[in-house]
Amino acid sequence: MALKDSTTGNVIRNYSIEQLRDAANLMRGYDLVALCAAGSGHAGGTLSVMDITAALYLHAANHDPRNPSWPDRDRIIWSAGHKAPSLYLGLAITGFCPMDEVVTLRKLSSPFQGHPHWLKLPGVEVSTGSLGQGLSIAVGMALAGRLDGKLHKIFCLMGDGEQQEGQIWEAAMEAGHFHLDNIIGIIDCNRLQIDGWVKDVMQVEPLDEKYRSFGWEVLRVDGHDMNQIVDALQKARAVVGKPVVILADTVKGKGVSFMENQPGWHGKAPNREELDRALTELGLSERIPVEQLLDKAKSYQAEVDRKLASSMPRFSRDYWWNAGGTMKVKMEPIRKGFGQTLAENGDDERVVCLGLDISGSITISDFYAGKPQRARRWISMGIAEQSATSAAAGLAREGKLPVLGSYATFSAARNLDQIRVSVCYANLNVLIAGAHAGVSVGPDGATHQALEDLFAMQGLPNMSVVVPCDVVEARKAVSYLLLEHIGPKYIRFAREATPIVTDETTPFVFGRANVIRLRGEAANFADAFETRLAADYKNESEDLSIAAIGPMVPEAMRAARILKLDYGYETRVLNLHTLKPIDAEALVGAARDTGVVITAEEHQIGALAWRVSSILTESQQLYGLPLITGAIGVKDRFGDSGAPWELVKELEVSAEHIAQKAVELMAIKKKGVPEVTLAIA
Ligand SMILES: Cc1ncc(C[n+]2csc(CCOP(=O)(O)OP(=O)(O)O)c2C)c(N)n1
């Protein structure tokens, strides 16, 4: 057992217990420097798992850093993908990559993505980040190993909160059923998850009895006692005829006094002062070249900035938000409108909110914050999006008004069949929040960026879909959907602060678009625009139309300004806050009156573009009229780690990209659409 030379089979290096302890300590230090440089990430869970990581990578696993795809290597799966930095440091300390490079963690195009991606970094076995999937991948790899007559082991690292995902238990059953003795599961039992103690959020213990009853061998260790860890890993390897799970009792935030057992340090990075204190406590102040590492991160970032800047479409001046002059806007995260409205309107006894262990950041916990009388209507379901969705259907069937939410990709994709059958087919009154949607979760990376949710949500019969453009519109939308709208409903919002471009007087009518027009100059950007219900708007024969949803509405407004000031073009911006049912009349009117329609969505191109396209091609009012169309959105690719506004540029969903497209289409409009002659063979 150890680091091996894959060509000779010789051991490259053996580590003593003391050396493993020291390595784990050093990795903790590098972890915190990388988190500090990134400005985000998961301190608590990476620190709790570091002793296990060191033992696994430097001692237990047979692998060769010079030959990462050696067919006989042991596989290591980081099912708890948010603990990615510990995996990266495990790889780095073993020699798969340089230790100092991990400091580019969570930055655009870095191999050290917010969650591990095997296509970006040699040594990472699989891509993870959506909790609960790793053990199933391990089952597949173990079955493949058996089919191929291989002897290597598959290690799978999981969290204890993660055990709440039903998929874990499907995989546990499969591994037991198939007697997969090539699987060694390890659970980092630090007893905390995001919303608090695991036992309070959703009890998972007794894990030993549960795994045993599924046909597993169970070992329990102190996850910070290197002797015990090494011993358990050795014993696990020797078990024949059944899979093994090692339950490792750990402390979240281990090694840094002010992080230990603190739920607040789950998804937080230390600032510079906290980093220095932490490194002093770890006895690493002199051993880690902090300044050098932070400089490395800074110069990597400077290169990212340079590349992004040079890739952006250019205009006569800088029109970016708050760039000065009349580009001033207030920004607030749209998600806040969700919590504010639940807090305000939650007295209705029918309202029941379901927690999915991400309650604070998506603001659903505002429903009961400071309101003990509502506590009984706050139901924590743990990390179990699929079951919670069907449970919400059950609540709705009994007359309740259930609300659930998570990252949009977990609340509107992972549980798609449950939404389809339990909620939509049954036509039940469930409000689903797709939070942190689009690129706004930035550094978390592609696994957490919902760029596909609207395809499925608007494709479901009976489902209504609303995508508010700012925090004020979100309040109006949530209040309407929660208490007035009957039937399945999906609301999508961003995490990052985005411009506020509406106010209390701006119309919001479910299913009806607004027209937004630039009317001149104002000290505050939004004040330069006039907004009306599309149904009340009189044609002004503008040059073009931009149909936008969500945070792309402010971008479309900014594009309208660029187009007016740099090119003299008049733009009709349509805010299609209700994607379903969509305001077909407003769209057809805009197409007829302007002859140019550009769609703008912070999503894979199509949720809006294809919907708009089908409306326009079906409309008899447009038969025979020239129409030029363009689509702004994500172009059939996954996202990346990076700051949200960097990703807006990288994924080409900014006002500048809309304006560039508009200029291109206007050139065609001016030339006149060439007559198409159909050649019939
Ligand atoms: C399917 C899914 N739902 C929600 C999340 C968001 N999330 C990331 S970490 C986490 C808590 C994990 O708790 P635990 O497994 O105990 O890990 P630890 O506390 O050790 O970090 C959650 C809910 C996710 N990544 N995947």
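The sections below set out a description of the structure shown in this document. (Residues numbered from 1 in each chain as written. Predicted model: local features only at pLDDT ≥ 70, side-chain atom pairs only at ≥ 80, totals over all residues. Heavy atoms only, no water.)

Overview of the overall build of the chain
Heads up, the condition is: Secondary structure elements follow DSSP: runs of H or I no shorter than four residues count as helices, runs of E no shorter than two count as strands, and numbering proceeds from the N terminus. For this measure, only C-alpha atoms enter the radius of gyration; the expected value for a globule follows 2.2 Å times N^0.38, where N is the number of residues. Note on exposure labels: buried denotes an accessible area under 20% of the residue type's maximum, exposed denotes more than 50%, and partly exposed covers the range between, all computed with a 1.4 Å probe on protein chains only. Two residues form a contact once any of their heavy atoms are found within 4.5 Å. In short, Shrake-Rupley with a 1.4 Å probe defines the accessible areas, and a residue's cover is counted only from the protein chains shown. His residues and chain termini do not enter the charge count, which takes Lys and Arg as positive and Asp and Glu as negative. To locate a charge, take NZ of a lysine, CZ of an arginine, CG of an aspartate or CD of a glutamate.
Looking only at helices and strands, the chain features 23 helices and 22 strands. Taken over the C-alpha trace, the chain has a radius of gyration of 27 Å; the compact-globule value for 681 residues is 26 Å, and the two agree within 12%. Each principal axis of the C-alpha atoms in the chain carries an extent, and together these give about 80 × 65 × 55 Å. For the chain, the proportion of its 681 residues judged to be buried stands at 60%. In the chain, of all internal contacts separated by at least 6 residues, the share reaching a separation of at least 24 is 79%. Accessible surface, the chain as shown: approximately 25700 Å² in total, 51% of it carbon and sulfur. Seen as two clouds, the 71 positive and the 83 negative side-chain charges of the chain have centres 1 Å apart.

Things to note about the sheet that holds strand β3 (residues 75-78)
Heads up, the condition is: Strand pairing is assigned whenever DSSP identifies at least 2 bridges connecting the two strands. Note on geometry: axes are lines fitted to C-alpha atoms, helical ones only across the stretch in contact, with angles between N-to-C directions running from 0 to 180 degrees.
The strand order across the open sheet built from five strands is β3-β4-β5-β7-β6, with neighbouring strands paired in parallel fashion. Two strands close off the open sheet at either side, each with one partner strand: β3 and β6 (217-222). The average undirected angle you get between the axes of adjacent strands in this sheet is 20°. Note that strand β4 (residues 154-159) and strand β5 (residues 183-189) share six bridges and pair parallel. Across the sheet, L157 pairs through a bridge with I186, a residue of β5. Strands β3, β4 and β5 of the sheet are contacted by helix α5 (residues 134-147), whose axis makes an angle of about 170° with β4.

What about the site of the ligand?
Stated formally: Throughout, near means a residue has at least one heavy atom within 4 Å of the molecule or strand. In protein, a polar contact requires one atom able to donate a hydrogen and another able to accept it; more generally it is a pair of N or O atoms within 3.5 Å, and residues adjacent in sequence count only if both atoms are side-chain atoms. Grid spacing is 1 Å over the protein atoms alone, the probe is 1.4 Å, and a cavity is where that probe fits but cannot get out, while a pocket is an open set with protein on both sides within 12 Å along at least five of seven lines and lining residues have an atom within 4 Å of a point. Should more than half of a molecule's atoms lie within 2 Å of a pocket's or cavity's grid points, that molecule is taken to sit in it.
As a matter of local geometry, the ligand sits amid 25 residues, with H82, K83, N190, K252 and E385 nearest to it. The side chain of H82 places a nitrogen or oxygen atom 2.7 Å from an oxygen atom of the ligand. A total of 590 Å² of accessible area belongs to the ligand in isolation, and the protein chains cover 99% of it. When each cavity is represented as a set of grid points, the ligand is found to reside in the largest pocket.

Considerations on the environment of M158
Within the element layout of this structure, M158 appears in strand β4. With relative accessibility at 0%, the residue M158 sits in the buried group. In this structure, the C-alpha to C-alpha distance between M158 and T629, residues 471 residues apart in sequence, is 48 Å. When residues no more than four places from it in sequence are discounted, the contact partners of M158 are S79, A80, L135, Q163, I168, G185, I186, I187, D188 and Y211.

Some remarks on the pattern of salt bridges
The criterion, for reference: Here, a salt bridge means any Lys or Arg side-chain nitrogen found within 4 Å of an Asp or Glu carboxyl oxygen.
By the definition in use, this model includes 46 salt bridges. Measuring nitrogen to oxygen at the nearest pair gives 3.1 Å for the salt bridge that ties R532 to E530. Here the salt bridges do not stand alone but share partners, grouping R517, R519, E530, R532, E540, E542, K564, E570, R572, R592 and D593 into one network.

Concerning the layout of surface pockets
We apply this condition: Grid points are joined across faces, edges and corners, and a volume is the space filled by probe spheres set on the points. Residue classes follow a fixed rule: Ala, Val, Leu, Ile, Met, Phe, Trp, Tyr, Cys and Pro count as nonpolar, while Asp, Glu, Lys and Arg count as charged, and any other residue, Gly among them, counts as polar.
Of the voids in this model, the largest pocket is the one considered here, and its volume is about 950 Å³. Contributing to the lining of the largest pocket are 48 residues, with H42, I194, H266, I358 and Y407 lying nearest its centre. Within the residue set of the lining of the largest pocket, elements represented by two or more residues are α13 (359-362) and β11 (401-407). Looking at side-chain class alone, the lining of the largest pocket contains 14 nonpolar, 21 polar and 13 charged residues. Put simply, the second largest pocket is a space of about 450 Å³.

Thoughts on empty space enclosed by the protein
Tallied over the full model, the rule gives five cavities of 30 Å³ or more. Its boundaries defined by the atoms lining it, the largest cavity holds a volume of some 120 Å³. Looking at the largest cavity, it is lined by 14 residues, and the ones nearest its centre are T498, P551, E602, W645 and V648. When residues of the lining of the largest cavity are traced back to their parent elements, those giving at least two are β15 (497-499), α19 (552-567) and α22 (644-650). Residue contributions to the lining of the largest cavity peak at three residues, all from α22. Classifying every residue of the lining of the largest cavity gives nine nonpolar, two polar and three charged. Contributing to the lining of the second largest cavity are Y57, H63, P68, R73, D74, R75, I76, L91, F96, G123 and E125.

Without other data, these values stay purely geometric and don't point to any function.
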